[in-house]
Amino acid sequence: MGVVEHFAVRGGARLTGSVDVVGAKNSVLKLMAAALLAEGRTTLENCPEILDVPLMADVLRSLGCEVSIDGTTVLIDVPAEPGAEADYRSVSRLRASVCVLGPLVARCRRAVVPLPGGDAIGSRPLDMHQNGLRKLGATTEIEHGCVKARAEDLHGAQIWLDFPSVGATENILMAAVLAEGTTIIDNAAREPEIVDLCVMLVQMGAKLEGIGSSTLIVHGVTGLQPTEHRVIGDRIVGATWAFAAAMTSGEVTVRGVDPHHIDLVLDKLRSAGAETTVGEQEFTVAMPGRAQAVDFVTLPYPGFATDLQPMAIALSAVAEGTSMITENVFEARFRFVDEMIRLGADARTDGHHAVVRGRELLSSAPVWASDIRAGAGLVLAGLCAEGTTEVWDVAHIDRGYPRFVENLSSLGADISRVVGEPDR
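Residues numbered from 1 in each chain as written. Predicted model: local features only at pLDDT ≥ 70, side-chain atom pairs only at ≥ 80, totals over all residues. Heavy atoms only, no water.

Across five bridges, strand 7 (residues 139–143) lies against strand 8 (residues 146–150) in antiparallel orientation. The partner of I142 across the bridge, within strand 8, is V147. The hairpin turn running from strand 7 into strand 8, its antiparallel successor, is two residues long, and H144 in that turn takes a positive phi close to 55 degrees. (Pairing = 2+ DSSP bridges. Helix = DSSP H or I, 4+ residues; strand = E, 2+ residues; numbered from the N terminus.)

The residue T306 is located in the loop between strand 17 (296–297) and helix 10 (309–318) in this model. Take T306: its relative accessible area is 10%, and that puts it in the buried class. Here E327 takes part through its side chain, which lies 3.0 Å from a polar atom of the side chain of T306. In contact with T306, not counting residues within four places along its chain, are T298, E327, V329, F330 and R333. (Buried < 20%, exposed > 50% of the residue type's maximum accessible area, 1.4 Å probe, protein only. Polar contact = N/O pair within 3.5 Å; in protein donor to acceptor, adjacent residues only side chain to side chain. Contact = heavy atoms within 4.5 Å.)

The strand order across the open sheet built from four strands is 9-10-12-11, with neighbouring strands paired in mixed fashion. At either end of the open sheet lies a strand with only one pairing partner, and these are strand 9 (158–160) and strand 11 (207–209). With direction set aside, neighbouring strand axes in the sheet form an average angle of 15 degrees. Two elements, strand 11 and strand 12 (residues 215–219), share three bridges in a ladder whose sense is antiparallel. Opposite K207, over in strand 12, you have H219 as the bridge partner. (Axes fitted to C-alpha atoms, helices over the stretch in contact; angles between N-to-C directions.)

What holds strands together in a sheet is hydrogen bonding between their backbones, with the strands either parallel or antiparallel. Judged by pairing direction, the sheet is mixed, and its four strands sit side by side in the order 2-14-16-15 without closing on themselves. The open sheet terminates on both sides in strands that have one partner only, identified here as strand 2 (16–20) and strand 15 (275–278). Pairwise comparison of adjacent strand axes, ignoring direction, gives a mean angle of 15 degrees for this sheet.

This part covers helix 4 (residues 101–108). Counting buried positions along helix 4 yields six of eight residues, so the element is predominantly enclosed. All of the buried residues in helix 4 are L101, G102, P103, L104, V105 and A106. On its buried face, helix 4 is in contact with helix 1 (25–34), strand 6 (110–114), helix 5 (127–135), strand 8 and helix 6 (166–176). Downstream of helix 4 by a residue or two, R109 has a phi angle that is positive, lying close to 65 degrees.

Below, the discussion takes up the domain arrangement of the chain. Looking at the assigned domains, one finds that the chain contains domain 1 (29–230) and domain 2 (233–420). Distance between the C-alpha centres of domain 1 and domain 2: 30 Å. (Domains from an automatic or database assignment.)

What follows covers unusual backbone geometry. Between Y301 and the following residue, P302, the backbone shows a cis peptide bond with an omega angle of 15 degrees. Among the secondary structure elements, P302 is positioned in the loop between strand 17 and helix 10.

With that out of the way, let us pick up the pattern of salt bridges. This structure, assessed with the given rule, holds 14 salt bridges. Taking the shortest distance from any N to any O, the salt bridge between E85 and R110 comes out at 2.9 Å. You can see E85 sitting in the loop between strand 5 (73–78) and helix 3 (88–91) and its partner R110 sitting in strand 6, a full 25 residues away along the chain. Given a relative accessible area of 48%, E85 falls into the partly exposed group. For R110, a relative accessible area of 25% gives the class partly exposed. Note that E143 and K148 form a salt bridge whose closest N and O atoms lie 3.0 Å from each other. The exposure class of K148 is partly exposed, given its relative accessible area of 25%. (Salt bridge = Lys/Arg side-chain N within 4 Å of Asp/Glu carboxyl O.)

Right, let's get into the environment of V418. By secondary structure assignment, the location of V418 is in strand 25 (residues 414–419). For the pair V418 and E180, spaced 238 residues apart in sequence, the C-alpha to C-alpha distance is 55 Å.

Next up on the list: the side chain of H129. By secondary structure assignment, the location of H129 is in helix 5. Not counting chain neighbours up to four residues away, the residues in contact with H129 comprise V98, S165, G167, A168, N171 and I172.

On to the environment of T276. Its place among the elements puts T276 in strand 15. In this structure T276 touches L266, R270, T284 and V285, once residues within four positions along its chain are discounted. Looking at T276, its side chain comes within polar contact range of the side chain of R270, at 2.6 Å.

In this section: the pairing of strand 5. Along a regular strand, successive side chains alternate from one face of the sheet to the other. Pairing of strand 3 (residues 40–45) with strand 5, which is carried by five bridges, proceeds in the antiparallel orientation. Directly across from T43, in strand 5, lies its bridge partner L75. Examined bridge by bridge, strand 4 (residues 66–70) and strand 5 share five bridges and lie antiparallel to one another. For V67, the partnering residue across the bridge sits in strand 5 and is I76. With antiparallel pairing between neighbouring strands as the criterion, strand 4 and strand 5 make up a hairpin whose turn holds two residues, including G71 at a positive phi of roughly 65 degrees.

Across all of its chains, the model carries one cavity of 30 Å³ or more by this definition. Its boundaries defined by the atoms lining it, the largest cavity holds a volume of some 60 Å³. Taken together, D20, V21, V22, G23, P48, D234, V237, W241, Y401, P402 and N407 make up the full set of residues lining the largest cavity. Classifying every residue of the lining of the largest cavity gives seven nonpolar, two polar and two charged. (1 Å grid on protein atoms, 1.4 Å probe; cavity = no way out; pocket = protein on both sides within 12 Å on 5 of 7 lines; lining within 4 Å. Points joined across faces, edges and corners; volume = space filled by probe spheres on them. Nonpolar A, V, L, I, M, F, W, Y, C, P; charged D, E, K, R; others polar.)

Applying the stated criterion across every chain, the model contains seven aromatic pairs. Geometrically, the ring pair formed by W241 and Y401 is edge-to-face, given 6.4 Å between the ring centres and 70 degrees between the ring planes. With a gap of 160 residues between them, W241 in helix 8 (residues 235–247) and Y401 in the loop between helix 13 (395–398) and helix 14 (404–410) connect regions that are remote in the sequence. The burial state of W241 is the same as that of Y401; both residues are buried. Grouping aromatic residues by their ring pairs yields a cluster made of F7, W241, Y401 and F404. (Phe/Tyr/Trp six-rings, centres within 6.5 Å; stacked < 30°, edge-to-face > 60°.)

In structure tokens form, the structure reads like this:
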């Protein structure tokens, strides 16, 4: 058993000040996997100091790579012939580890990747990943808990995704860069993290068109070279601090994130009554009074991110009026609502919808995080609750938010990390 910890959050503070955001969790793990595409040393800068980075490093080590982590810098030395079978113990702890599938098929022409672990937010089937690889000439199957793929040759193909899946787009893209001929990926995901991956692949020698659009065109090349790359700022972490400012009637400046990556978030917060200013790589959110209720609908980028749904519910729980939140991406994300109800939220769910009637103040209680973003949302709710809220299973939060307690404390929050077993 590991150390059992929780966050103790005392409500009532108004968050003010500034906070720096480093590289995106949803980007760095895929960039680490992309390093497999080229022999030699790839250097990634501005990496977040979160638990998922060393977990991904373990996955790469199981494939024969040497990986060293020095603060926000990750060095990956890839051998001439990487292994093709990822270690189960490493992969099982990390959902994003499935993104080694595409690079391994491209480099090794075979891959065995155990079905991944990660957050409990609903099913994330690999059908689109497999179908895309099959279009490129690979054979794939799921056998004994592993995705197994093999390809004598990879060739370009026209691939249509039924849904703009981020993971499927990434795996197909990384396999296609070393395929013979041209691949067109239609209805591709458009997230900034996909763009970041494309930028790094181009630096490695890939030939891509349509970066940032829903149609990615990949002209296959015979080989790639290692590179140095700076990870983009984490828009989800940046938006989390924006919601924290709005919920506590505070004023917070967030540095290190392109505000255009969260245009819709800032627009929603303005509708809730916030005042916002934006710069090149920073933005400020100030809420002069209590937030007003607004509705949220999660959709693939550039829509409202499903990762921010818990923050939307937390804001709605203390806003003036009634909000409807519609979840269109991950069906199990609403389990977070049960924990919000423990904090006194007036909320109910029906299928893909949650209706939340705002209250001026929530009440403290022990709550449990089911995933990274749910944990962050519960902490934000605790900032608006009377008394001290205990948020348990904080290892989830540590997987996505570097220096979470330290950053909140610097903004004026009364929060501490406590070691000890819960009284259940």
